[in-house]
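Structural features, examined
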Amino acid sequence: MITVSHLSKTYINPDGSQLTVLKDINCEIQPGEVISLIGPSGTGKSTFLRALNLLDPPTGGSIIFNGEDILQKGYPVHKMRQKMGMVFQSFNLFDHMTVLENVMYAPCKIKKTPLEKAREEGLQLLRKVGLAEKADVYPSSLSGGQKQRVAIARCLAMQPEVILFDEPTSALDPTMVGEVLSVIRQLAKEGMTMLIVTHEMKFARDVSTRIFFMYDGYIHEDGTPKQIFENPKRSATKAFVQRIRKEVFEVDGNEFDFLDMESRIRQFCIKYNIAAKSDKAVDLCQLMLSGPMASYVPMTVRITHSELSEDTALDFMVEGLETSPLKEAKMQEIRNQCREIVEEPTSRGFRVKLRID
Ligand code: ADP
Ligand code: MG
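The notes below deal with the structure included here. (Residues numbered from 1 in each chain as written. Chains lettered and ligands numbered in written order. Predicted model: local features only at pLDDT ≥ 70, side-chain atom pairs only at ≥ 80, totals over all residues. Heavy atoms only, no water.)

Burial analysis of strand 7 (residues 162-166) places 5 of its 5 residues in the buried class, the great majority of the element. Inspection of the sheet shows strand 6 (residues 84-87) paired to strand 7 by 4 bridges, in the parallel sense. Each bridged residue has a counterpart across the sheet, and for M84 the counterpart in strand 7 is V162. Strand direction decides the pairing type here: strand 7 and strand 8 (residues 193-197), joined by 5 bridges, are parallel. Looking across to strand 8, one finds that L164 is bridged to L195. (Buried < 20%, exposed > 50% of the residue type's maximum accessible area, 1.4 Å probe, protein only. Helix = DSSP H or I, 4+ residues; strand = E, 2+ residues; numbered from the N terminus. Pairing = 2+ DSSP bridges.)

Taken in spatial order, the 5 strands of this open sheet run 11-12-13-15-14, and their pairing is antiparallel. Edge positions in the open sheet fall to strand 11 (244-251) and strand 14 (340-345), since each of these has one partner strand only. Strand-to-strand, the axes of this sheet are offset by a mean angle of 15 degrees, without reference to chain direction. Contacts from helix 10 (residues 258-271) reach strand 11 and strand 12 (299-306) within the one sheet, and its direction differs from that of strand 11 by about 180 degrees. (Axes fitted to C-alpha atoms, helices over the stretch in contact; angles between N-to-C directions. Contact = heavy atoms within 4.5 Å.)

All right, on to the pairing of strand 15 (residues 349-356) then. Taken across its 8 residues, strand 15 has 7 buried, putting it largely inside the fold. Bridging between strand 13 (residues 312-319) and strand 15 involves 8 bridges; their strand directions are antiparallel. In the strand pairing of strand 15, A313 is matched with R355. For strand 14 and strand 15, the ladder comprises 6 bridges, and the chain directions are antiparallel. The partner of E343 across the bridge, within strand 15, is V352.

Laid out in structure tokens, this is it:
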């Protein structure tokens, strides 16, 4: 369906300096494939999607779409865009139109679909994304998750052959990520061809037929989700998929700001989509710092989370300590809230790790 060869993109900065974001991108995309583009930010994932549908034309290479070279002079770009839909992080709905009008607009304007037919199809698409009852309201009254579902319905209204999603859930409150991902999952089941830039690793693993890991201007590694996540060949891929997120606190005495720690733990949990664990993490810190660990100062506390394994843990580390500070008598409440407690000496002291679900 799409063949990309030696695609490159160089930006010229206002000061005349150049930045080559895409160096040499090569790939082939078959109908029905669901490809997730993952990689550190700034590695050109958005640039690649924008190059594909010529929002931001590449500076070199070729893109063949359905047998046609879309970079040739005089190629009808608007025709191609009808077949290659795009959904953005920031929804880009028309605020002065109702939800249904947003969905009907392009079919009426561009495809000249009769009004009644466009309305009927629009309502059907809104039903598909679970928003039929919002047809007549304005986007401003919708939540972020609802807006993004409208944006997907609007994209589907043009009956695209492929949809490009650029971080469709990054601008959303974590509670709304799921509703958008389930619409995309449904499209995948129906066989829609999709390229999805996402930071949702679990979603990428579940939904994709292939993963592209973008790094340093190249598709550094591509493979099935199983290959990329469980058995990455290249070290940069491995480092990216196995990375562990962490936030560290130095507990240094009575003036330690527990409220600040609590709010940073909560922010951490929201950022990495484990908001459901935040109450437990905060409770456990409080219990540990006021209970078994109360007399150990200074101490380093850490919350860690692996997106790949979805393991979340709290570490309490005391330098120079040789035996576990935990006393069984004080532990029942803490034990009840943990999946596992690991007590282990480290090179510099002792660590108590609480694994939480
Ligand atoms: P990603 O989506 O992987 O985070 P982007 O494709 O947005 O990365 O950006 C890749 C690099 O290209 C970044 O360094 C960014 O600053 C730069 N870049 C993106 N768009 C432009 C632009 N219009 N002009 C100049 N530089 C840009
Ligand atoms: Mg981006």
